[in-house]
Amino acid sequence: MEETDTIAVRLPELLRHPEDLDKIGALKSEFTRKKAHLDTLLKTGLKSQLEVTEAGIDAITNGQKTLNAIKEEMMRIDKLCAEAQNMISEFPLINMISKIHRNFVAVEEIKSNLTDLDARLNDVDRMLQDDDRDELTNPMPNILPIHYTLTQLRDFRDDMMEQSSKTDSDVRETLQSYFAPLESTTDQFDERIGLIAMSLIDLVRAGNRSLVVRLAKIIEAEERADEKVMALKEAQETHQQLAAKFKSIAKGPKHIRGYKEKFLDCIKAAAGAKFENTRSNFEDNPESLSENMAWYFEDLAVVKHEFLQLFPSKWKMFNTILNIYHNLMHDFLKEHLDKLDLDGQSLLSIVLFNGQYNKEMKTLGIKAANMVPHVIDGREADLLQEYSQLIAKKMEEWMNNIAEEDTKEFVNREHQPNEEDGKWHMASVPTMFTMINQQLGVALDSNKGNVVSSVVNECVRLLKIRQSKWEQVIKSEITKHMRAVTMEEQEDLPDGILEYMIAVANDQIRCAAYTQQISDNNAPLLTKKYEDQVRNSLDDATNGFVDLATFCMSQIIEIIFNDLKPIRKTLFTSSWYGGNEMETIITTIRSYVVDIEPGLDEDLFAAFMHQLSEQTCIIYLSCAYNKGAKFRPVEAANQIRADVAIGYGFYTEYMDRGDVKAVWTVLEHFLALICSEKEQLIQKHDEFKAAYWDLPMGWVEAVLKAREDKTKDMVESVKAKASYTPRGQEPTIMSRYARLLTAAS
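Rules used in this analysis
- Residues numbered from 1 in each chain as written.
- Predicted model: local features only at pLDDT ≥ 70, side-chain atom pairs only at ≥ 80, totals over all residues.
- Heavy atoms only, no water.
- Helix = DSSP H or I, 4+ residues; strand = E, 2+ residues; numbered from the N terminus.
- Contact = heavy atoms within 4.5 Å.
- Phe/Tyr/Trp six-rings, centres within 6.5 Å; stacked < 30°, edge-to-face > 60°.
- Buried < 20%, exposed > 50% of the residue type's maximum accessible area, 1.4 Å probe, protein only.
- Patch = residues over 30% accessible without salt bridge, like charges linked within 9 Å, V, L, I, M, F, W, Y side chains within 5 Å.
- Areas by Shrake-Rupley, 256 points an atom, 1.4 Å probe, with all protein chains shown as cover.
- Salt bridge = Lys/Arg side-chain N within 4 Å of Asp/Glu carboxyl O.
- Polar contact = N/O pair within 3.5 Å; in protein donor to acceptor, adjacent residues only side chain to side chain.
- Arc of directions from axis to C-beta.
- Axes fitted to C-alpha atoms, helices over the stretch in contact; angles between N-to-C directions.
- Parallel < 35°, antiparallel > 145°, perpendicular 65-115°, else oblique.
- Left-handed = near helix turned anticlockwise from the far one by under 90°.
- Nonpolar A, V, L, I, M, F, W, Y, C, P; charged D, E, K, R; others polar.
- Core = buried A, V, L, I, M, F, W, Y, C linked by side-chain atoms within 4.5 Å.

1. Brief notes about the environment of E222
Along the chain, the position of E222 falls in helix α8 (residues 209-238). Other than its neighbours up to four places away in sequence, E222 contacts H147, T151, R154, R257 and Y259.

2. Observations concerning the packing of aromatic side chains
On inspection of all chains with the given rule, the structure shows 36 aromatic pairs. Centroid distance F605 to Y654: 6.0 Å. Interplanar angle 70°. Geometry classified as edge-to-face. One end of the pair, F605, is in helix α23 (residues 602-622); the other, Y654, is in the loop between α24 (633-651) and α25 (657-664), with 49 residues separating them in the sequence. Of the aromatic side chains, those joined through ring pairs into one cluster are F275, F282, W295, Y296, F297, Y325, F332, F353 and Y357.

3. Considerations on unusual backbone geometry
Keep in mind that most residues, glycine aside, have a negative phi and that most peptide bonds are trans. A cis amide bond links V372 to the next residue, P373, at an omega of -5°. Among the structural elements, P373 can be located in the loop between α14 (344-363) and α15 (380-412). Although it is not a glycine, M140 sits at a positive phi angle of roughly 45°. Here M140 is to be found in the loop between α3 (91-130) and α4 (143-163). The class for M140 is buried, based on a relative accessible area of 9%.

4. Considerations on a nonpolar patch on the surface
A grouping of L93, M96, I97 and I100 is seen on the molecular surface, where their side chains present a nonpolar patch of about 390 Å² in accessible area. Relative to the assigned elements, M96 resides in helix α3.

5. As for the side chain of N208
Within the secondary structure, N208 sits in the loop between α7 (200-205) and α8. Classification of N208 as buried rests on a relative accessible area of 5%. Side-chain polar atoms of N208 contact the backbone oxygen of N138, separated by 2.7 Å. Not counting chain neighbours up to four residues away, the residues in contact with N208 comprise L136, T137, N138, P139 and L203.

6. As for helix α29 (residues 712-721)
Here α29 has its buried residues at M714, V715 and V718. What you see down the axis of α29 is that its buried residues fit within an arc of 95°, all on one side. Summarising the geometry of α29, the exposed residues directed more than 90 degrees from the buried face are K712, D713, A720 and K721. Buried residues in α29 make contact with α27 (678-691) and α28 (697-705).

7. Re the pattern of salt bridges
Going through the model one piece at a time under the given rule, you end up with 40 salt bridges. A salt bridge links E73 to R76; its shortest N-O distance comes to 2.5 Å. Pair noted here: E73 and R76 are both in helix α2 (residues 24-87), with a separation of three residues, about one helical turn. Across the salt bridge formed by E477 and K480, the nearest N and O atoms sit 3.0 Å from each other. Of this pair, E477 and K480 both sit in helix α17 (residues 449-483), three residues apart, which is roughly one turn of that helix.

8. Focus: the environment of Y648
Turning to its location among the elements, Y648 is positioned in helix α24. Sequence separation between Y648 and K661 is 13 residues, and the spatial gap between their C-alpha atoms is 7.8 Å. If we ignore the near neighbours within four places in the chain, the residues touching Y648 are R657, V660, K661 and W664.

9. As for the packing of α14 against α15
Running from amino to carboxyl end, α14 crosses α15 at an angle of 155°, the nearest separation of the two axes being 9 Å. With respect to their mutual orientation, α14 and α15 come out roughly antiparallel. The crossing of α14 and α15 is left-handed. The segment α14 lies against α15, with G344, L347, L348, V351 and N354 engaging E380, L383, L384, E386, Y387, L390 and I391. Here the residues of the contact of α14 with α15 sort into eight nonpolar, two polar and two charged.

10. A look at the packing of helix α10 (residues 259-284) against helix α12 (residues 294-306)
The description of two packed helices rests on the angle between their axes and on the distance between the axes. One can describe the packing of α10 onto α12 by two numbers: an axis separation of 10 Å at closest approach and a directional angle of 160°. Considering their axes alone, α10 and α12 lie roughly antiparallel with respect to each other. Contacts from A271, K274, F275 and T278 of α10 reach α12 at W295, Y296 and D299. Counted by class, the contact of α10 with α12 contains four nonpolar, one polar and two charged residues.

11. Some remarks on the nonpolar core
Counting residues in each nonpolar core, the largest one holds 108 residues, and the members touching the most others are F263, Y296, F307 and F311. The biggest single contributor to this core is helix α13 (residues 317-337), with 11 residues.

This is the structure we're talking about:
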């Protein structure tokens, strides 16, 4: 049946592609063959079951016939007895003399037993004392004689107490006090039996099998005695008339002593004590559940391989002890699963242990899935879902706490960020990824791709939220910084905004590296399906960290150019000609760069300088919107070349000359718009457009209108004949910084 179910599940995989339809004939033949095989197995099993059922019915029928025959024979004997009494004239006298003789013999026996009671009890006490050693190898050779003597004495006591039931209370009290020492000795013996029963498996491991066999003999004898008592009581209740006639022969035990039940209770108590020890260890260290449960399977292995030769086969000791152990295991796991404060590690440890339990049971020849109750009530899928939700909740709680602390530290800036290897960092990142790695490690232990994927998705979701929160906090703080114009407003803001921006940017690169490491270390351990899911999810988080690092750098650049806002407003105005504005701008930028370089990640610093270089060019170009901007072609060309030389020289100190040139080439086209003759403007504009397809026409208009020799038809001719370039190409700096080129900055 399982094979058929497996085939049904595999059908979508087998017929995944259109060309797989050609396989239908072969698949049909294979499935038909397997179905015929299953049908044969079912018919064989059904035939065997019918034979067993028929044999059982025949046995019940034969038993019923035998029982009826015995009943008829007993009634015939009773009838013959009644008829014999009438045939003998002096039968009443003979019967009375016989009763007197029996009573006389019984009294003599009672007197003898009462006289010998103390001596026999002393012998039993002596044998108990001789056997009283704690070693597992102690064979206790006297345990069978002790049991035999105590059984006789207890049977005698039961007879006496039953016969005294019709006497006055004084007689009963006297007998009870007389038999009191027997009670004490019996309690010692029962305690000894209980200790042996609780140590069965350890005794077998120690090689003391003879003691186990003697215990089994005692329990078996007591079981037979209890069966005899129950049969006698049942017969007395069913045939009260016959029971009254044969009352004199009812010697022996009068009460069920329940040694078999007590024996099983002791086995359960011994296992329960081991579970208590495991419970304590599990609560201290949930990950050690499998290790702490090793005794469970070792015990069952001993029972399976050793107990069959030591106990009566009808007891089915392996199945009996297996049921005891299994129910205790079920209760143990259920107790923990029902706890309201169960942590994720404990929950997953139990789920993982379920898999180990099934495997270990299989080695013992048992299919755990068929045992009742199921060890975790068949809740594996629900528990895995619960685990994922629990981890999500805990992770969210941890991440929120970390985010709250980071935000507080970033906003208040009461001290400098952490310095590691000369670079600025926030303190929380290693802790955060340690927690993530711990949860992923636990999830990987489950050997279930869906669990790992679920935990990864939750971690990525929380990391994306963290990225978004950082962006919001940074925007808020940068806005405060930008709006602080007066001295009083600036003094109200805490220092260190630059250092903390660098720290956050560095952390994003470190986070990206940690995330990539998690992907490289863990994704290959999964199946292809879940490997791709995990990699894609973690790549998404990595890209988010890179984007946030880029955003941090852009905000640092915003701070730099915000400080340069007053001098930027003078570019291209009358005071710019012959002035040193660009030198002042570069000097200011240099002072920032000198402060930033030591604390910023090296790879990030290179990207920062490239971004700063691009934005310097764009800011310079955007000054065409400045109020009073006026381009006097010859003078403007000389001044722009001087400015470019200053800027170009600065950036080549930190960047490759080719990279700087690739950025600053845009100023050559800018210079062409300013200096070209009217007749060449359209051509120069087209060349500019060819190099920078996303060149904004609004900015071109602003540049042309700022030319000293501008005419109305100059601007109109360029607009009218401007070539159209389709969208979809890679954006240039002209559109990446479009916001700076659409209005006055």
